[in-house]
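Architecture at a glance
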Amino acid sequence: QGKVAGKHTVVFFSAAVSATMQRQARLESDLRRALARGEFRLLYQPQVELRTGALTGVEALLRWQHPELGWIAPQDFIPVAEESGLIVPLGAWILQEACRQGARWRAQRGVHPLRVAVNVSALQFGHADFVGVVLRALQTSGLPPELLTLEITESVVIGDLGAVTERIAELKRLGVRLSLDDFGTGYSSLAYLRHLPIDEVKIDKVFLPPLSAPDTSHDTTRARDAAEDRAMVQAIVSLAHALELEVVAEGVEDAAQLAFLRDTGCDGAQGYLFGPPVAAAAVPATRPPPWLPLRATAGGAYTER
Ligand code: C2E
Ligand code: MG
Ligand code: MG
Ligand code: MG
């Protein structure tokens, strides 16, 4: 019986693997055409300054509308784009597009411009011409460099730390901001934080599981996990501030998380509570946006309703 089960397992496994490989191969060949066919678009998710409730920035998030497969999530095709090297031209398009949109917002919003954050993959970051690509995106769009934030992950840093530090310094000389994304999920985070000339840390959403869902399980493990998550967030915020870095929390979904983040002194937040990624035209034009649970006080600051 074990033999039969084993045999079936092997058959099932190899079928699954070859289906995955076929899908990868298909995605790769389709990706080559997708850029020319205009199948990519960027959505923008609001980033809010917690002290004031103001909408201060957006993160550009890539979407691919495949003609037959429909919308494909970035996790499903960015690894394919990296393996095939297509991430280099795709990444250049993303930067051009995001900077162009950022410059449009700047023209529309006057004294309250929006920062635009762009995710950069490790392969793209390491490409010889990357600094030139960023510079050209800024020049052709006219976006002031301080309104562009490049989000890199710790996977960028793995490898030659000296070379990575020098590249970040080059980008800093252009005047752009740098953010370390998904912080706390990679390796040796603490050493990187100290040595890299970055401006911001984004706390990964794994440390912010929704807090407000009623806990009917009487599960002490769950309560302990939540306390540990909170301790991680507090530690990251105080470490980042000690190093004079801004901290943004991602994946903020409910009011309890928001209250906690305000208490810790976290600088910014992003998540479904404030809004999902949306088309550029749907990004609120006001500051603070009306959908925030905040109201103006006499002093012009904003407090929770
Ligand atoms: P990321 O940079 O950490 O982006 C945050 C992800 O969390 C986004 O997923 C966003 O839609 C999602 N998210 C936002 N708010 C919430 C929330 O309240 N709860 C939960 N559970 N999720 C939330 P998305 O758009 O699917 O992107 C996934 C990842 O794909 C990104 O993670 C980033 O690593 C990568 N990615 C997206 N766009 C680009 C791009 O233009 N270039 C590169 N290289 N990578 C990208
Ligand atoms: Mg990001
Ligand atoms: Mg992230
Ligand atoms: Mg993430």
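From a predicted model like this one, the values you see are computed outputs, not experimental measurements.

In the region of ligand 1, 22 residues are neighbours, and Arg63, Asn119, Lys205, Glu253 and Tyr272 sit closest. Measuring from a nitrogen atom of ligand 1, one finds a backbone N or O atom of Leu62 at 3.1 Å. A distance of 2.8 Å separates an oxygen atom of ligand 1 from a polar atom in the side chain of Arg63. Compared with its free state, where it exposes 800 Å², ligand 1 has 85% of that area covered by protein. When each cavity is represented as a set of grid points, ligand 1 is found to reside in the largest pocket.

The next subject is the coordination of the magnesium ion (ligand 3). With distances of 2.0 to 2.8 Å, the protein atoms coordinating the magnesium ion (ligand 3) are Asp181 (OD), Asp182 (OD), Glu250 (OE) and Glu250 (OE). Here the donor residues of the magnesium ion (ligand 3) are spaced in sequence according to D-D-x67-E. A separation of 3.9 Å is found between the magnesium ion (ligand 3) and the magnesium ion (ligand 2), which are bridged by Asp181. Remark: Glu250 occurs in the loop between strand 8 (246-249) and helix 10 (255-264) and Asp181 occurs in strand 6 (residues 177-183); sequence separation between them is 69 residues. You'll find Asp181 and Glu250 in the same group, each marked buried.

The next point concerns helix 5 (residues 130-141). Structural remark: α-helix, 3.6 residues per turn; residues separated by three or four positions point the same way. Taking 1.5 Å of rise per residue, twelve residues should cover 16 Å, and helix 5 covers 17 Å from first to last C-alpha, within 8% of that figure. Within helix 5, burial applies to Phe130, Val131, Gly132, Val133, Val134, Ala137, Leu138 and Ser141. Against helix 3 (87-109), helix 4 (122-126), strand 5 (148-152) and helix 7 (161-174) lie the buried residues of helix 5. One or two positions beyond helix 5, positive phi appears at Gly142, with a value near 80°.

Turning to the side chain of Asp30, a few remarks are in order. The topology assignment puts Asp30 in helix 1 (residues 2-34). Of the polar contacts made by the side chain of Asp30, one reaches the side chain of His66; its length is 2.5 Å. In this structure Asp30 touches Trp64 and His66, once residues within four positions along its chain are discounted.

Below, the discussion takes up the packing of helix 5 against helix 7. As a packed pair, helix 5 and helix 7 sit with axes 10 Å apart at the nearest point and diverge in direction by 15°. Judged by the inter-axis angle, helix 5 sits roughly parallel to helix 7. Seen from above, helix 5 lies across helix 7 with right-handed handedness. Across from Phe130, Val131, Val134 and Leu135 in helix 5, the residues of helix 7 making contact are Arg167, Glu170, Leu171 and Leu174.

Parameters and conventions
Counting starts from 1 at the beginning of each chain's written sequence and moves along it residue by residue. Here chains are named by letter from A upward and ligands by number from 1 upward, in the order in which they appear as written. Only residues with pLDDT of at least 70 get local features here, since the model is predicted, and only at 80 or more are side-chain atom pairs given and counted; chain-wide, interface and lining totals rely on the full set of residues. Only heavy atoms go into the side-chain values, all of them from the structure, while hydrogens and water stay out. If even one non-hydrogen atom of a residue comes within 4 Å of a molecule or strand, that residue is called near it. Polar contacts, as counted here, are pairs of nitrogen or oxygen atoms within 3.5 Å of one another; within protein the pair requires one atom able to donate a hydrogen and one able to accept it, and residues that are adjacent in sequence qualify only if both atoms are side-chain atoms. Computed with the Shrake-Rupley method and a 1.4 Å probe, the accessible areas treat only the protein chains shown as cover for residues. A 1.4 Å probe that fits but cannot get out identifies a cavity on a 1 Å grid over protein atoms alone, an open set with protein on both sides within 12 Å along at least five of seven lines counts as a pocket, and a residue lines either if it has an atom within 4 Å of a point. Assignment of a molecule to a cavity or pocket requires that more than half of its atoms lie within 2 Å of the corresponding grid points. Sodium, potassium and calcium take a 3.2 Å donor cutoff, other metals 2.8 Å, and in both cases only N, O and S atoms count; water is not among them, so sites may look incomplete. A run of H or I in DSSP counts as a helix once it spans at least four residues, and a run of E counts as a strand once it spans at least two, with each numbered from the N terminus. Residue exposure (1.4 Å probe, protein chains only): buried if accessible area is under 20% of the type maximum, exposed if over 50%, otherwise partly exposed. Helices are assigned an expected span. That span is 1.5 Å times one less than the residue count. By the convention used here, residues are in contact when the closest approach between their heavy atoms is within 4.5 Å. Orientation is described by axes fitted as lines to C-alpha atoms, over the contacting stretch for helices, and by angles from 0 to 180 degrees between their N-to-C directions. Angles below 35 degrees are treated as roughly parallel, those above 145 as roughly antiparallel, those between 65 and 115 as roughly perpendicular, and all remaining angles as oblique. Helix crossings get a hand from a simple test, with the near helix turned counterclockwise from the far one by less than a right angle marking a left-handed crossing and a clockwise turn marking a right-handed one.

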